[in-house]
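Spelled out from the first residue to the last, the chains are:
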Amino acid sequence: MNSDRKQELEQRYEELFIKYHLERPLDAQNVSSIIRESLHTFLQDAKKPAIYCNGGHTKMLMADFIHELKGVKYIVDNYMSPEEEKGFFLIRDQEMEQLGIDAIVLSSYKFRQELKQRLSVMHPNIPILDIYDEFEKRGVAVKADYYYSNHPYQHYKRINQLQREIVNATEKYPLKELYLNP
């Protein structure tokens, strides 16, 4: 494909987003590279890093970035019992200093602001990495968990949602009216 044709297609693609007020999908490769680079830079000098929060976000983060997080042995979570997580030391906030935790990877989108505030008061000398802050610094607008828009499940969910919207619309308006009258 020549470059003029490619530019024309990209322009039309952009016009569709504007015309129909669609949100642009996240670039999965860019998102992954931002996270990978941020984790590498943040954790390179850490001796005892920990992930803060133990839930679905942490499981996805650890699965997606297993190499970058290989040095993490601790998960900080105040609401789970130690038997619930095999393979990692599950600890509570009050144990972090005594264990020598020297870096925290915050693993939450929904509660990140509250958690950062609390951590900065309880553990002011332990640096925190919030990957969503890293997106903001690079001008990438993320409005949900980093994996939400790029995971295959989300694509099927969106297709089903659109199909339901069409069915609901065709119940209200005849198909001829819906598709032939702009």
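Structure: above.
Everything quoted here is computed from the prediction, not taken from an experiment.

Q: Can you help me understand the side chain of D77 in this one?
A: Tracing the backbone shows D77 in the loop between strand 2 (74–76) and strand 3 (89–91). Buried and unpaired, D77 has R92 as its nearest opposite-charge partner, separated by 5.7 Å. Side-chain polar atoms of D77 contact the backbone nitrogen of Y79, separated by 2.8 Å. Excluding its chain neighbours within four sequence positions, the residues that come into contact with D77 are C53, N54, L90, I91 and R92.

Q: Would you mind going over the nonpolar core with me for this structure?
A: One recurring pattern in soluble globular proteins is that nonpolar side chains are buried together. Ranked by internal contacts, the top residues of the largest apolar core, which has 24 residues, are I35, L39, L61, L69, F135 and Y146. Going through the elements one at a time, helix 2 (28–43), helix 3 (56–64), strand 4 (103–106) and helix 6 (131–137) are the ones with two or more residues in this core. At 5 residues, the largest contribution of residues to this core is made by helix 2. Once residues lying within four places of it in the same chain are set aside, the contact partners of L69 are L39, L43, I51, L61 and M62. Core analysis: the next-biggest nonpolar cluster, separate from the first, contains 13 residues, A50, Y52, Y74 and I126 among them.

Q: So what exactly am I meant to see when it comes to the packing of aromatic side chains here?
A: Each aromatic ring pair is described using two quantities: the centre-to-centre distance and the angle formed by the ring planes. All told, the structure shown has 5 aromatic pairs when counted by the stated rule. An angle of 55° between the planes, with centres 6.0 Å apart, marks the rings of F65 and Y146 as tilted. Here F65 is found in the loop between helix 3 and strand 2, whereas its partner Y146 is found in the loop between helix 6 and helix 7 (152–172), with 81 residues between them in sequence. Of the two residues, F65 and Y146, both sit in the buried class. An aromatic cluster is present here, built from F65, Y146 and Y147 joined pairwise through their rings.

Reading the values: rules and limits
Residues numbered from 1 in each chain as written. Predicted model: local features only at pLDDT ≥ 70, side-chain atom pairs only at ≥ 80, totals over all residues. Heavy atoms only, no water. Helix = DSSP H or I, 4+ residues; strand = E, 2+ residues; numbered from the N terminus. Buried < 20%, exposed > 50% of the residue type's maximum accessible area, 1.4 Å probe, protein only. Lys, Arg positive; Asp, Glu negative; His and termini not counted. Salt bridge = Lys/Arg side-chain N within 4 Å of Asp/Glu carboxyl O. Polar contact = N/O pair within 3.5 Å; in protein donor to acceptor, adjacent residues only side chain to side chain. Contact = heavy atoms within 4.5 Å. Core = buried A, V, L, I, M, F, W, Y, C linked by side-chain atoms within 4.5 Å. Phe/Tyr/Trp six-rings, centres within 6.5 Å; stacked < 30°, edge-to-face > 60°.

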